Amino acid sequence: MSLAMAEPDGLLAAGGDLSVARLLAGYSHGIFPWFSPEDPILWWSPSQRMVVEPGALKVSRSMAKVLRNRHYRVTTDRAFGAVMQACAVQRDEQGGTWITAEMIAAYTELHRQGYAHSFEVWMDDELAGGLYGVAIGGMFYGESMFHRRRDASKIAFIHMAQHLFAHGVGLIDCQMPTAHLASLGARLIGREPFVARVQQLLRCPLPDTVWDYVYDHEPSR
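This is a predicted model, so every value here is computed, not measured.

Within the open sheet, the three strands sit side by side as S1-S3-S2. Their pairing is antiparallel. Every other strand in the sheet has two partners, leaving strand S1 (11-14) and strand S2 (32-33) as the edge strands with one partner each. For S1 and strand S3 (residues 42-44), the ladder comprises three bridges, and the chain directions are antiparallel. Considered in S3, the bridge of Ala13 is made with Trp43.

With the rule as written, the count across this model stands at nine aromatic pairs. When the centroid spacing of 6.3 Å and the interplanar angle of 70 degrees are considered together, the rings of Phe119 and Trp211 count as edge-to-face. One end of the pair, Phe119, is in strand S6 (residues 116-123); the other, Trp211, is in the loop between helix H7 (191-201) and strand S11 (214-217), with 92 residues separating them in the sequence. Like Phe119, the residue Trp211 is buried in the burial classification. In this structure an aromatic cluster arises from ring pairing among Phe119, Phe140, Trp211 and Tyr213.

The strand order across the open sheet formed by eight strands is S10-S4-S9-S8-S7-S6-S5-S11, and the pairing between neighbours is mixed. Edge positions in the open sheet fall to strand S10 (187-190) and S11, since each of these has one partner strand only. Put simply, the sheet's adjacent strands are angled 30 degrees from each other on average, direction ignored.

Applying the stated criterion to the full structure yields eight salt bridges. Taking the shortest distance from any N to any O, the salt bridge between Arg187 and Glu53 comes out at 2.8 Å. Here Arg187 is found in strand S10, whereas its partner Glu53 is found in the loop between strand S4 (48-52) and helix H2 (61-69), with 134 residues between them in sequence. Judged by its relative accessible area of 17%, Glu53 falls in the buried class. One salt bridge in this structure joins Asp151 and Arg70, with 3.4 Å as the shortest N-O distance. On the criterion of sequence distance, the pair formed by Asp151 in the loop between strand S8 (139-147) and helix H5 (152-166) and Arg70 in the loop between H2 and strand S5 (72-76) is long-range, its members being 81 residues apart. In this structure Arg70 comes out as partly exposed when scored by relative accessible area, which is 25%. Each of Glu53, Arg187 and Arg197 takes part in a single network of salt bridges with overlapping partners.

What follows is about the side chain of Gln175. Tracing the sequence through the fold places Gln175 in strand S9 (residues 171-175). A residue is classified by how much of its surface remains accessible, and Gln175, at 7% relative accessible area, is buried. Here Glu143 takes part through its side chain, which lies 2.8 Å from a polar atom of the side chain of Gln175. Beyond its immediate sequence surroundings of up to four residues, Gln175 is in contact with Phe32, Gln48, Arg49, Met50, Gly142 and Glu143.

Parameters at a glance
Residues numbered from 1 in each chain as written. Predicted model: local features only at pLDDT ≥ 70, side-chain atom pairs only at ≥ 80, totals over all residues. Heavy atoms only, no water. Pairing = 2+ DSSP bridges. Helix = DSSP H or I, 4+ residues; strand = E, 2+ residues; numbered from the N terminus. Phe/Tyr/Trp six-rings, centres within 6.5 Å; stacked < 30°, edge-to-face > 60°. Buried < 20%, exposed > 50% of the residue type's maximum accessible area, 1.4 Å probe, protein only. Axes fitted to C-alpha atoms, helices over the stretch in contact; angles between N-to-C directions. Salt bridge = Lys/Arg side-chain N within 4 Å of Asp/Glu carboxyl O. Polar contact = N/O pair within 3.5 Å; in protein donor to acceptor, adjacent residues only side chain to side chain. Contact = heavy atoms within 4.5 Å.

As structure tokens, then:
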């Protein structure tokens, strides 16, 4: 990782492809693809990573109230393609997206092979929010999330973190720092300790039943 550039921070390589083998090799070494439609495929390993660790997840009082009182259902892998498409649309509305057709095709194949997963939040039987990422061993690499209803992405993130930590995930990679992620308990760690944790957690496989998660929340009236 010493070959990664200092400016722009973490740029490591350009080119290659988004095959399953190359993506898994990248994630296994703390490297991920991120590029604009007009760019070649760019591979990154930032000097610092935003991560959430077991026991560090923060749920504010207001969010705890939402979790108690809102009607919603959370599922995994029921609408992976729809989640990716929704993430792409939301990012594009914010001024551009890296979730191109090429990326969607690549991560859909990762999903087909059991490495990419989605968490969906449903309200009134409609997809209200969700997130997707990549799971290898005891690592989960969060890629993107979206919401169509207020707090839906936070509900997805909180359920994802609580569920995965309870079933053996040792670290959730959030990649880039944001105030939103910090409010949920994410913190920055350096590249070297991050990669060391990745190497350790890759040897800790999760049970397949982790991806059968369904949570129906119907608060009492």
